[in-house]
Structures are given as structure tokens and as C-alpha cells.
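Residues per chain, in single letters:
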Amino acid sequence: VPDPFDALAWVIVGQQITLSFAFTLRERLVRRTGVPAGGELYTPPSAETVANLEVEDLVPEQFSRRKAEYLIGAARLVAAGGLALDRLGAGSAVRMESELLAVRGLGPWSAHYLMMRSFGFEDCLPVGDAGLVRGLEKFFDLPTRPGPEETRELMQPFAPYRSWATFHLWQTLKD
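Presented here is a report on the structure given in the accompanying data block. (Residues numbered from 1 in each chain as written. Predicted model: local features only at pLDDT ≥ 70, side-chain atom pairs only at ≥ 80, totals over all residues. Heavy atoms only, no water.)

1. A closer look at the overall build of the protein
Then step 1. Helix and strand content of the protein: eleven helices and zero strands.
Then step 2. In the protein, the succession of α and β elements from N to C terminus is α-α-α-α-α-α-α-α-α-α-α.
Then step 3. Compactness check: the protein gives a C-alpha radius of gyration of 17 Å against a globular reference of 16 Å for 175 residues, within 12% of the reference.
Then step 4. Its C-alpha atoms put the protein at 45 × 35 × 30 Å along the principal axes. (Helix = DSSP H or I, 4+ residues; strand = E, 2+ residues; numbered from the N terminus. Rg over C-alpha atoms; globule rule 2.2 N^0.38 Å.)

2. Some points on the pattern of salt bridges
Opposite charge on two side chains makes pairing possible when the charged atoms of those side chains draw close.
Then step 1. With the rule as written, the count across this model stands at 14 salt bridges.
Then step 2. Across the salt bridge formed by Glu54 and Arg76, the nearest N and O atoms sit 3.3 Å from each other. On the criterion of sequence distance, the pair formed by Glu54 in the loop between helix H3 (47–51) and helix H4 (55–58) and Arg76 in helix H5 (residues 65–79) is long-range, its members being 22 residues apart.
Then step 3. Two residues, Glu56 and Arg65, come together in a salt bridge whose shortest N-O distance is 3.0 Å.
Then step 4. Taken together, the salt bridges that share partners define one network made up of Glu27, Arg31 and Glu40. (Salt bridge = Lys/Arg side-chain N within 4 Å of Asp/Glu carboxyl O.)

3. Brief notes about the packing of helix H1 (residues 4–13) against H5
Then step 1. Look at H1 against H5: their axes get within 9 Å of each other, and the N-to-C directions meet at 160°. Judged on the interaxial angle alone, H5 and H1 are roughly antiparallel. As for the relative orientation of H1 and H5, their crossing is right-handed in sense. Contacts from Phe5, Leu8, Ala9, Ile12 and Val13 in H1 reach Lys67, Tyr70, Leu71, Ala74, Ala75 and Val78 in H5.
Then step 2. Partitioning the contact of H1 with H5 into residue classes produces ten nonpolar, no polar and one charged. (Axes fitted to C-alpha atoms, helices over the stretch in contact; angles between N-to-C directions. Parallel < 35°, antiparallel > 145°, perpendicular 65-115°, else oblique. Left-handed = near helix turned anticlockwise from the far one by under 90°. Contact = heavy atoms within 4.5 Å. Nonpolar A, V, L, I, M, F, W, Y, C, P; charged D, E, K, R; others polar.)

4. Things to note about the packing of helix H7 (residues 93–101) against helix H8 (residues 108–117)
Relative orientation and spacing of two packed helices are given, respectively, by the angle between their axes and the distance between those axes.
Then step 1. Relative to each other, H7 and H8 sit at 135°, their axes nearing to 9 Å. Classified by the angle between their axes, H7 and H8 sit oblique to one another. The element H7 and its partner H8 pack so that their crossing is right-handed. On the side of H7, the interface is formed by Ala93, Met96, Glu97, Leu100 and Leu101, while H8 contributes Pro108, Ala111, His112, Leu114 and Met115.
Then step 2. When the residues that make up the contact of H7 with H8 are grouped by side-chain class, the tally is eight nonpolar, one polar and one charged.

5. Concerning unusual backbone geometry
Then step 1. Residue Pro160 follows Ala159 across a cis peptide bond; omega there is 5°.
Then step 2. Assignment of secondary structure puts Pro160 in the loop between helix H10 (148–155) and helix H11 (162–171).
Then step 3. In this structure, Gln16 is a non-glycine residue whose phi angle is positive, near 55°.
Then step 4. On the secondary structure map, Gln16 appears in the loop between H1 and helix H2 (19–33).
Then step 5. Positive phi, normally seen in glycine, also occurs at Gln62, with a value near 80°.
Then step 6. Topologically, Gln62 is positioned in the loop between H4 and H5.

Geometric values such as these leave the question of function open.
Laid out in C-alpha cells, this is it:
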């Protein structure tokens, strides 16, 4: 995802819900806050546009109150310069993870997903990702789904390219 705020918004919208519902919420957010670009196309929303929303604006769109709070709060932080996403991308993975984890509503999965999907860090591991767990289960022909510790152990041989391994494991689920 080339735009860092768009990626951040996607991460928050997609937390702890099915992928299809995440796409639905994402579309509703874009239609509400994006700029029409012709026909059915819209630009992704800017941090400033989302920062001007209130929680009550998103609840009718089926956002949970908590998800709306996290999204609007992160947008306000970015818009006010408290989270300089472009600057973070030029620094170290350790620093970026630390700054992302300080944002209300972002946990380790969110930080690693954002770091790999938008900033190109090659050795991120979104532990807890349902697709990654299913991919590992399929790839290693496991009898049960791996938990967080087993996920870390199974992914260790792929270091320092665990982001790439994660993408490939996701691709195994397409069939």
C-alpha cells in the first residue's frame, strides 16, 4: 500500500474481522471520506478528512465504536504531526514498531502488518494473523493450527525474510 495513512487506515479497519467485512467497511469509509475520481472511483481518504469525523459518523456504517475511535484517533494524531508516517518509514524497524505500538488501537499484529505492507520491511511477522496461521497449517501439514509461539518457531527459518514468507503463505490459501 503506497500511501502510509491509507495503509494505517486499512490496518485499523481490518483488525479482528473477516476479510470480506473489512473490504465492506473500507469501501464505506472511502465513499464517505474519499474524493470522487470519476465514475465509481474514489481517492483514499486523507488523515485530515478522517480526523474531521466523529465516532457517530462511522457507527451507522457498521464500524464498532472502538474501531471508529481508533481510526479517528490515529487520523488526528497523523494530521496533527504526532505520528509522522513518512519519517518513520526512513528509520529502523525497531523504532517504527515502538512508535506504532504507542498509538492507541495498534498492537503487535497491526504494527508488523503495516511495516511489511506499506513500508517494505522484509522481516516482519504478524503473529496472530488468521491467514498466516492457516498458511502454516497447510504448508507444514500440521494436525492443528499453531499458536503464537509455534508460529514464531515455524517462521524462524525464513528470517530475515519473514514478510516475504508470510506473503507466500497467504498465496497458498487462494485455492
